[in-house]
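# A look at the structure
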Amino acid sequence: MKQQKGFTLIELMIVVAIIGLIASFALPAYNEHTMKARFAEVNSISNSYKTAVALCYSESNDLTVCDAGSHGIPGPAAATDNLAAGMTVVDGVISMTGTQAAGGWTSVMTPALNGSTLVWTQTGTCLQSGACK
């Protein structure tokens, strides 16, 4: 008698089904993680604007003059394919929107005076998704 070696068709089908099941859970989590990583770059872009707004306030003692393109604050960041779809700085408030590849979330950084220091509060749709800092 000759003994056969190898896997049966049913065993191979079970392995393929298990791999498919694992992939069905892993791919959406990976896509969300990728979007959050891209939006983290949007948050880091806003950090340079926070510094510029703080310098503008320290020189002028007036947040209403702290707009994009004036008083040392850079102009609006250019839209990129993977990161920022748009941004504004008006009266020191920094608003940034990510592209669809970066989740499409918005981040609004609002400065407030606490004595003589600026305290930043972050709001926007990125809070619900957990993509904000």
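In this report, the structure presented in the accompanying data block is examined. All values reported here derive from a predicted model rather than from experimental measurement. (Residues numbered from 1 in each chain as written. Predicted model: local features only at pLDDT ≥ 70, side-chain atom pairs only at ≥ 80, totals over all residues. Heavy atoms only, no water.)

### Brief notes about the state of the cysteines
What counts is decided by this rule: Cysteine sulfurs are considered disulfide-paired once they come within 2.5 Å of each other. Secondary structure elements follow DSSP: runs of H or I of four or more residues count as helices, runs of E of two or more count as strands, with numbering from the N terminus. Buried, partly exposed and exposed residues are distinguished by accessible area as a fraction of the type maximum, computed with a 1.4 Å probe on protein chains only: under 20%, between the cut-offs, and over 50%, respectively.
Applying the stated criterion across every chain yields a total of two disulfides. Through a disulfide, Cys 56 is tied to Cys 66; the S-S separation comes to 2.2 Å. Looking along the S-S bond of the Cys 56-Cys 66 disulfide, the torsion reads about -95 degrees, which is the left-handed sense. Here Cys 56 is found in helix α1 (residues 9-60), whereas its partner Cys 66 is found in the loop between α1 and β1 (84-90), with ten residues between them in sequence. With respect to class, Cys 56 is no different from Cys 66; both count as buried. Here the disulfide map of the protein chain reads 1-2, 3-4, the bonded cysteines being numbered as they appear in the sequence.

### A short note on the sheet that holds strand β2 (residues 93-98)
Note the cut-off: In this scheme, strands are said to pair when DSSP sees at least two bridges between them. Between N-to-C directions, angles span 0 to 180 degrees; the directions come from axes that are lines fitted to C-alpha atoms, helices contributing only their stretch in contact. Note on definitions: a residue-residue contact is assigned when non-hydrogen atoms from the two residues lie within 4.5 Å.
Pairing within the open sheet is antiparallel, and its four strands lie in the order β1-β2-β3-β4. What marks the edges here is a single partner per strand, and that holds for β1 and β4 (117-123). Ignoring strand direction, the axes of neighbouring strands in this sheet form an average angle of 15 degrees. Inspection of the sheet shows strand β3 (residues 106-114) paired to β4 by seven bridges, in the antiparallel sense. Bridged to Thr 110 within β4 is Thr 121. Its contacts with the sheet place α1 against β1, β2, β3 and β4, and it is angled at close to 165 degrees to β2.

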